[in-house]
Amino acid sequence: MRQSEILGRMPVLSMMAALLLGGHVAVGQTTPVQAAPTPGASAAVVNPEKPQWKPEAAGLTLHMIGNSHIDAVWLWPLAEGDAVVHSTFRSALDRMKEDPELTMTSSSSQFYEWVEASDPAMIAEIRKHVAAGRWNLVGGWWVEPDVNVPSGESLIRQGLYGQRTLQRIFGRRAIVGYNPDSFGHTGNLPQILKLQRLPYYVFMRPNALEKPAITQNLFQWQGIDGTRALTYRIPLFYDDPAAVRNHMERTIDALHGQPERTAMEFFGIGDHGGGPTKENMRSIRQIQTEPGAPKIFYSTPERYFSEVKNKLPSDIQIYQGDLQHHSVGTYTAGSAIKKLNRSTEAMLLTAEKFSAIGSTAWGASYPKEELTKAWQRVLLLQFHDGMSATTLPEHFEAARDAFGRARDVALTATTASLQRLAWQIPATDPASKYLVVFNPHAWPIKKEVEYDLGWDANVAAQVEDENGQPLPFQWVNATTVVTNRRGLLAEVEVPAMGYRQIRVRRAEQATQRPAEAPHATEDSLENTHLRLSFSNDGGVNLYDKDTKREVFAKAASGMRAIVMDDPSDTWSHHVRAYDKEVGVFRRTGIKVLEDGPLRARIRETRSYNASILTIDWILYAGSRMLDTQITLDWHEHLKMLKFSYPVDISNPKATTEIAYGALARTNDGDEDPGQRWIDLTGTSEGRPYGLAVINDAKYGYSVQGNDVRVSIARAAVYAHHEPRVLEPGVDYQWMDQGVQTFQMQLLPHAGSWQDTNVVRTAEELVSTTPVVYQGIHPGTRKGSDSFLSVDAQDVIVEAVKESEDGNDLIVRSYETAGRPTKATIHTAAPAVTWTGDFHAFEIKTLRIDRHTGKVKETDALED
């Protein structure tokens, strides 16, 4: 897991073996405590060290960074991580007393809040060192998170709550972004860092072997929107418990030939905490007396960047793109946690939108403290080892509970706000049923909503909007089996970030089946735009009626569920691609579940060994998208399941969604991280054509030629780390076993992905459409309304919340297609219209004074 990839995590390795292999101290081991030297004086040599230095050391300046990487959760639970933070900080403070020049660097606002809660005196001591410049606050984030899986808004909140906490406790914020241990870094991070006032960034993975395209350890990292962050890649690893000479010599070798001759050298025990050791300090003082040694001194990342920023080499490297690949198995391991992460992020955003708008528009309350605490809990769960699912098994249970608490806060806030609004809308006919459908998006939606109702099956019904206009609907099976409970499926158009009331009433006769209704048979499913067919050999093929072409390649059998060999550890160290196919799920059954008039559904079952895959293929009337609802009962070991979609195009180009943007990918089979969708577009019959695949739970993707693949499940042992070899006959605990559910959508399209509404479609899939049942009561509010909208197709309003200070309205939006545009955002309460220009993938945050209507463009910190 840690930089050497082979040590640090194995208690059986001795300290000497760890040092020889360039790794970390095994958890639980200690080093002999030596008396601290007099500052500036030569200490007695405990272990003989060679004073000879290579010629490359001359002229090299190394800022010595005392630090301790602390995994909040990994092979230990969060509670132990809390204790480790306390002991590490105490140890660092003691070492700083012994040497008045020693400095300490530490990140993660959550850690400081933990210590503040239980040891205010220690925080006061740290505060003095912060003021003196000896304790460097870095990171500016709540924790050191995974930055591939969390959404763009989650990364924004890392800085919002992290920087605010540092300001509250210490009276200052960080200026250096700091995330050494994470397993890759998303391509929009430079812009996000800038919006959090973090112009510098420190990372470690991918290393020089994994990312040889980065040739300089100090470089300008350019994000997808053009923003640059001055970035430093730690050359080797970030901690060493013993004498620093061996590590320093290797650092000198790693920096040889680079134009920048000033670098950072990290020392101190990490992972399970510890910090700078007495042996570290003795060794540093010894090296300072040796001729030919690099110039070294205690320092901080902040001091380093302040020194180098104004004298950068003219040929400093500019690297554009994301920073991958390291531990590609972490994109897919831990299916349940990753699905909870995505859905909880969406629930919190919906709760904030309706609570913030409702507090002005219809008298709802905004539970700021509860929502903030819920977000902070989610941000803690996004700590890199937790979110990547490389922890001990018990953390998975704790994470489910913690996500549950955040979800309960979101659901309670949403329900309270929407119930208050629904009560203001009249519902007066006792013989009718009334529902209010809400839209959390800043554009109008046409949505198929489901709700269980009590309705006599022998009584004809009509569903209509607030103006009495009939709406398409059908009755489906209810989720319960009780007399007269029926599932209502209705298609409703809902105004932008607003609502629409619908009414179910008695009808004189049953609604006639419309001509455009979808239709299902035992071997096909079709509507006016698409036809899905099931061949006798198990193939699944999709035909686009509008363009008159097959979506899947003719030589293939359509969508396949393929099983790949995956003998790697939990992280998938040293893996770039899962390319060895060892099996495929075969069809075992197919049956029609629904046949219109609004929706047709076919259930297909497939199996592989003891694993069972159930796919409900769904077409709605008039839809150009094929929906699937999927249940996987997974019982494999050391295998991966991928869904394969071979697209019938030439010159394919892949694009995946990343945090607040999108990024082009190669089609050479590499495993890549992504958010909610992947698109493959090329040419068919000389014209642009492609397929977008959208999902609500997965983060791993690959493309081989014209074959789009989504990683569905792995089957590793919990926290299995090389070089430990799994032994036959041992009853290991295997990950991701049993049942999981998720949804996927296939969107074939002519033209480019930018013109398909793929981002809006993904938003609508992941964000639940709230439906509120109304009792019978009077009211004064009209039957539909809109409270916030954006007119630009390529601009998404992702967050609407109350400001952390005061009660201004915060509206955050971003450009989704990678091309400049102009957008107008309108809010009804207060009545404000703002128009502005967006550059490609730009994130904008507006702060609206709800009393005066004045609008200010601000950054992610909301100042």
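Everything that follows concerns the structure shown earlier in this document.
Keep in mind that this is a model prediction, so the values were computed, not measured. (Residues numbered from 1 in each chain as written. Predicted model: local features only at pLDDT ≥ 70, side-chain atom pairs only at ≥ 80, totals over all residues. Heavy atoms only, no water.)

## Let's talk about the side chain of Ser684
Phase 1: For Ser684, the position within the fold is in strand 32 (residues 677-684).
Phase 2: Using a relative accessible area of 9% as the deciding quantity, one classes Ser684 as buried.
Phase 3: In this structure the side chain of Ser684 is engaged in a polar contact, spanning 3.0 Å, whose partner is the side chain of Arg549.
Phase 4: Not counting the four nearest positions on each side in its chain, Ser684 is found in contact with Arg549, Asp648, Ile649 and Tyr689. (Helix = DSSP H or I, 4+ residues; strand = E, 2+ residues; numbered from the N terminus. Buried < 20%, exposed > 50% of the residue type's maximum accessible area, 1.4 Å probe, protein only. Polar contact = N/O pair within 3.5 Å; in protein donor to acceptor, adjacent residues only side chain to side chain. Contact = heavy atoms within 4.5 Å.)

## A short note on unusual backbone geometry
Excluding glycine, a negative phi dihedral is what most residues carry, and trans is how most peptide bonds are arranged.
Phase 1: Cis geometry marks the peptide bond from Arg205 to Pro206; its omega dihedral reads 5°.
Phase 2: One can find Pro206 in the loop between strand 5 (200-203) and strand 6 (218-222).
Phase 3: Gly596 connects to Pro597 through a cis peptide bond whose omega is 15°.
Phase 4: Relative to the helices and strands, Pro597 is located in the loop between strand 24 (586-595) and strand 25 (599-608).
Phase 5: Backbone geometry places Glu685, a non-glycine residue, at a positive phi of 55°.
Phase 6: Structurally, the position occupied by Glu685 is in the loop between strand 32 and strand 33 (687-695).
Phase 7: On the basis of relative accessibility, which here comes to 65%, the residue Glu685 falls in the exposed class.

## Remarks on the sheet that holds strand 34 (residues 700-704)
Phase 1: Here six strands make up an open sheet; going across it, the order is 23-22-28-35-34-31 and the pairing antiparallel. A single partner strand is all that each edge strand has here, and the edge strands are strand 23 (581-584) and strand 31 (672-673).
Phase 2: Examined bridge by bridge, strand 34 and strand 35 (residues 707-713) share five bridges and lie antiparallel to one another. Within the sheet, the bridge partner assigned to Ser702 lies in strand 35 and is Arg709. (Pairing = 2+ DSSP bridges.)

## Focus on the packing of helix 5 (residues 152-170) against helix 10 (residues 335-361)
When two helices pack together, their arrangement is given by the angle between their axes and by how far apart the axes lie.
Phase 1: For the pair helix 5 and helix 10, the least separation of the axes is 11 Å and the interaxial angle reads 70°. What the angle tells us is that helix 5 and helix 10 run roughly perpendicular. Two secondary-structure elements touch here, helix 5 through Glu153, Ser154, Arg157 and Tyr161 and helix 10 through Glu345, Leu349 and Glu352.
Phase 2: Residue classes in the contact of helix 5 with helix 10 are distributed as two nonpolar, one polar and four charged. (Axes fitted to C-alpha atoms, helices over the stretch in contact; angles between N-to-C directions. Parallel < 35°, antiparallel > 145°, perpendicular 65-115°, else oblique. Nonpolar A, V, L, I, M, F, W, Y, C, P; charged D, E, K, R; others polar.)

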